[in-house]
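So the chains spell out like this:
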Amino acid sequence: MSSINNISVNVLKDEQLTMEELGISRVPSSKQTKKPIELFFVWCAANIGILGVVYGAIIVSFGLSFFQSVLAAIVGVLSFSLVGMSSIAGKVGRTTTLTLSRSSFGKKGNIAPTAFCWINLMGWEAVNIITGTLTLVALFVALGFEETSVITALSLLLFGGLTVVVSILGQNTVLLLQKWITRTFGAMTLFVAIYLIATADWNSILALPSGSWITGFLPAVSIIAAGTGISWAIAGADYSRDQSPSSSSKHIFLTVVGGAALPLLLLILTGILLTAQIPDLGTNANPIAAIGQLLPSWMAIPYLAAAVAGIVTIAVLSLYSASLNLLTMGIKLNQRTAIAIDAVLVLSVAVYVLFISGDFLGPFISFLMICGVFLSAWVAIFLVDFMKTHRYVGYSEHDLYGETGCYTSTLVCWLIGALSGLMVTKTGFIDGPLAVGVFESSSLGLFVSFTIALVLHVLVRKTNIRVIYG
């Protein structure tokens, strides 16, 4: 009888908590009130940063024609289907993505992939802080200031501080800000895209020669997939766990994918068009500054100002999900403390890149490819378990919060898949010994990692079923 009373007290307590205070606990039924359209604005805001323009330039840098570049963008952005699926899992399980992952790896076994996902989000947070700082520097330059170390330091302080403050305001406030920022920066980006379409040298753009489908097209797709759908798949459920039970899976999927695809394709197209006027944009150490210098000042100033606000919302999403991952690993901190710790770490990385290394784009691409092979393997395992089991029977309390130990076979599938992808991936930072021939510059490691982890996990599941049921 006392245990029943304790459960009732805990449920009542959860009913009174905010989303931030809930941490990784299940969202109570009374708080499952959100509609799919709200996910549209979440994922639109998460992908509306100026980094999307840089993606367009990176695609063209692989020596692709205009048609190939646009196709690579579309195929790469379709990777957000993975986020759509993890968002559906969030509605079913009513908790965060990496907490749901415990059902696949066990509570202790899940610590390893969760730690890696936390590192990935920290890396992305650093990328967002750096991008936001460079954008703010470009805005100061457009206003007539000279680019100096002092201006860069001031921009880092302003942007970093703004990100931390907005993060502490809470999820509901962030969601409200996202709606307005999405509309503002989205309208500005559309205006810039129309301007570039009207002023572009279409003869030069359409005359771009076709590149290799293996060593040009596939690497471009891999970069976009690694930077969009694959990286964000680990956070899908974080923002869908409070969806109403009446929200259909189809609508959740379409609003998530549509919310991401709309700004991403527009921004990537803008980047592709910009390369006609800035041929080295995809290899420029500071592509943000190059974009700011190209646009006329009357357009650059409001566009860069809106871009800074857009990057803040992206940075906040990364910081929020990273703090949840700390809780999933069993590091018991209140969310504001977790956010503060994460902020100190990412600001340290930002200082190194901005003031010591000086190179942003090279490490960024290496980071995407290394993280991509580990995340691809995790996504494959997570989706197999969800599609085969949890979408039908849901997630039990024992699966998510019980002392389930480590499911060694699943962990081995993840590691073999990830290491197989790493072995055939050449990043410049870590070059796999098998990254030769067709793998030398194709970035096929993402697909290798995903495929091997998926096949191994399916086989392991079948073996386990035979053992259980004879």
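Residues numbered from 1 in each chain as written. Predicted model: local features only at pLDDT ≥ 70, side-chain atom pairs only at ≥ 80, totals over all residues. Heavy atoms only, no water.

So, the nonpolar core
Phase 1: Ranked by size, the top nonpolar core spans 137 residues in total, and within it W43, Y55, W232, Y303 and W414 carry the most contacts.
Phase 2: Here this core gets 18 residues from one element, more than from any other, and that element is helix α17 (residues 297-328).
Phase 3: When neighbours within four sequence positions are excluded, W232 is seen to be in contact with W43, A46, N47, F80, V83, I314, L317 and S318. (Core = buried A, V, L, I, M, F, W, Y, C linked by side-chain atoms within 4.5 Å. Buried < 20%, exposed > 50% of the residue type's maximum accessible area, 1.4 Å probe, protein only. Helix = DSSP H or I, 4+ residues; strand = E, 2+ residues; numbered from the N terminus. Contact = heavy atoms within 4.5 Å.)

Remarks on empty space enclosed by the protein
Phase 1: Applying the stated rule across the entire model yields three cavities of 30 Å³ or more.
Phase 2: Every residue lining the largest cavity is counted, 16 residues in all, and those nearest its centre are A46, L51, Y55, W124 and I314.
Phase 3: Of all the elements in the fold, those that place two or more residues in the lining of the largest cavity are α4 (51-60), α9 (111-142) and α17.
Phase 4: A per-class count over the lining of the largest cavity returns nine nonpolar, seven polar and no charged. (1 Å grid on protein atoms, 1.4 Å probe; cavity = no way out; pocket = protein on both sides within 12 Å on 5 of 7 lines; lining within 4 Å. Points joined across faces, edges and corners; volume = space filled by probe spheres on them. Nonpolar A, V, L, I, M, F, W, Y, C, P; charged D, E, K, R; others polar.)

Digging into a nonpolar patch on the surface
Phase 1: There is a patch of nonpolar side chains on the surface, built from F67, W213, I214 and V438 and spanning about 400 Å² of accessible area.
Phase 2: Topologically, W213 is positioned in helix α13 (residues 213-227). (Patch = residues over 30% accessible without salt bridge, like charges linked within 9 Å, V, L, I, M, F, W, Y side chains within 5 Å. Areas by Shrake-Rupley, 256 points an atom, 1.4 Å probe, with all protein chains shown as cover. Salt bridge = Lys/Arg side-chain N within 4 Å of Asp/Glu carboxyl O.)

Thoughts on the pattern of salt bridges
Phase 1: Applying the stated criterion to the full structure yields four salt bridges.
Phase 2: Among the salt bridges present, the one from E397 reaches R26, with a minimum N-O distance of 2.8 Å. Here the residue E397 occupies a position in helix α20 (residues 397-401), and R26 occupies one in the loop between α2 (19-22) and α3 (36-46), the gap between them amounting to 371 residues.
Phase 3: K107 serves as the salt-bridge partner of E403, at 3.1 Å between the closest nitrogen and oxygen. Residue E403 is located in the loop between α20 and α21 (408-423), and its partner K107 is located in the loop between α8 (102-105) and α9; the two are separated by 296 residues in the primary sequence.

Re helix α6 (residues 81-93)
Structurally, the α-helix is built with 3.6 residues per turn, so residues lying three or four positions apart point the same way.
Phase 1: Over its 13 residues, α6 runs 18 Å from end to end, which matches the ideal 18 Å to within 8%, given 1.5 Å per residue.
Phase 2: Judged by how many residues are buried, α6 sits mostly within the fold: 11 of 13 residues are covered.
Phase 3: Residues L82, V83, G84, M85, S86, S87, I88, A89, G90, K91 and G93 constitute the buried set of α6.
Phase 4: Taken from the residues just after α6, R94 is the one with a positive phi, measuring 60 degrees. (Expected span 1.5 Å × (residues − 1).)

Focus on α21
Phase 1: Along its 16 residues, α21 runs 22 Å from first to last C-alpha, staying within 8% of the 22 Å computed at 1.5 Å per residue.
Phase 2: Buried within α21 are the following residues: T410, L411, C413, W414, G417, A418, S420, G421 and L422.

Considering the packing of helix α5 (residues 66-77) against α13
Phase 1: Packing of α5 against α13 brings their axes to within 8 Å, and their N-to-C directions diverge by 40 degrees. When the interaxial angle is binned, α5 and α13 end up oblique. For the pair α5 and α13, the crossing hand works out as right-handed. Contacts between α5 and α13 involve F67, Q68, L71, A72, A73, V75, G76 and V77 from the former and W213, F217, A220, V221, I224 and A225 from the latter. (Axes fitted to C-alpha atoms, helices over the stretch in contact; angles between N-to-C directions. Parallel < 35°, antiparallel > 145°, perpendicular 65-115°, else oblique. Left-handed = near helix turned anticlockwise from the far one by under 90°.)

Regarding the packing of aromatic side chains
Phase 1: Taken as a whole and judged by the stated rule, the model has 14 aromatic pairs.
Phase 2: Between W43 and Y239 the ring centres are 5.8 Å apart and the planes differ by 90 degrees, which places this aromatic pair in the edge-to-face class. Placement of W43 in helix α3 and of Y239 in the loop between α14 (229-232) and α15 (249-274) is noted, with a sequence separation of 196 residues between them.
Phase 3: Residue class for W43 comes out buried when judged on its relative accessible area of 0%.
Phase 4: By way of ring pairs, the aromatic residues W43, F80, W232 and Y239 are connected into one cluster. (Phe/Tyr/Trp six-rings, centres within 6.5 Å; stacked < 30°, edge-to-face > 60°.)

Topic: unusual backbone geometry
The phi angle of most residues is negative, glycine excepted, and most peptide bonds adopt the trans form.
Phase 1: The backbone phi angle of R94 is positive, close to 60 degrees, even though this residue is not glycine.
Phase 2: On the secondary structure map, R94 appears in the loop between α6 and α7 (97-100).

Points about the layout of surface pockets
Phase 1: Its volume calculated, the second largest pocket comes out at about 570 Å³.
Phase 2: Every element with two or more residues in the lining of the second largest pocket is listed here: α9, α18 (335-357) and α19 (361-393).
Phase 3: In terms of residue count, the dominant contributor to the lining of the second largest pocket is α9 (eight residues).
Phase 4: Split by residue class, the lining of the second largest pocket holds 19 nonpolar, three polar and one charged.

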